[in-house]
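Okay, here's what each chain looks like letter by letter:
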Amino acid sequence: MTVVAVIAGALLAVSSAIALVRIVRGPSVLDRAVASEVIVSIVVCAIGLEAATTRHAAVLPILVSLSLVGFIGSVSVARFVARDRDDPPPQDPGRPPGGRGQR
């Protein structure tokens, strides 16, 4: 059991390092937000791994609350990006609404 826990912990450490690189080098805010959500998921997995190896069920409320925080964060980022993309481009004040001038 300890060999599996060590391997899983190493995989979680490598994946969190990759996500941190994406946060630092991410070209857009959306990339950074997704990487931060991945880190929250990795933390949930690490706490679950610790709970499984020590056989403690006391951390289950922490797992549930972190999962909810990750979910709410993902939904709020998705709504922010969708709202940002739905905004119409600004109109030229000299043009009438409708897009075409009279000819």
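One can find the structure itself at the top, above this paragraph.
Described in the following lines is the structure provided in the data block. Just so it is clear, the structure is predicted and the values come from calculations on it, not from any experiment.

Quick notes on helix 1 (residues 2-25)
- The end-to-end C-alpha distance of helix 1 is 34 Å, a good match for the 34 Å that 24 residues give at a rise of 1.5 Å each.
- Among the residues of helix 1, those classed as buried are A5, L12 and A19.
- Where helix 1 is buried, its residues meet helix 2 (29-54).

Details of the environment of G9
- Take G9: it is sitting in helix 1.
- The spatial distance from the C-alpha of G9 to the C-alpha of C45 is 9.4 Å, given a sequence separation of 36 residues.

As for a nonpolar patch on the surface
- A surface patch of nonpolar side chains, amounting to about 480 Å² of accessible area, comprises V64, L68, F71, I72 and V75.
- Note that F71 resides in helix 3 (residues 60-86).

Cut-off values and rules
Residues numbered from 1 in each chain as written. Predicted model: local features only at pLDDT ≥ 70, side-chain atom pairs only at ≥ 80, totals over all residues. Heavy atoms only, no water. Helix = DSSP H or I, 4+ residues; strand = E, 2+ residues; numbered from the N terminus. Expected span 1.5 Å × (residues − 1). Buried < 20%, exposed > 50% of the residue type's maximum accessible area, 1.4 Å probe, protein only. Contact = heavy atoms within 4.5 Å. Patch = residues over 30% accessible without salt bridge, like charges linked within 9 Å, V, L, I, M, F, W, Y side chains within 5 Å. Areas by Shrake-Rupley, 256 points an atom, 1.4 Å probe, with all protein chains shown as cover. Salt bridge = Lys/Arg side-chain N within 4 Å of Asp/Glu carboxyl O.

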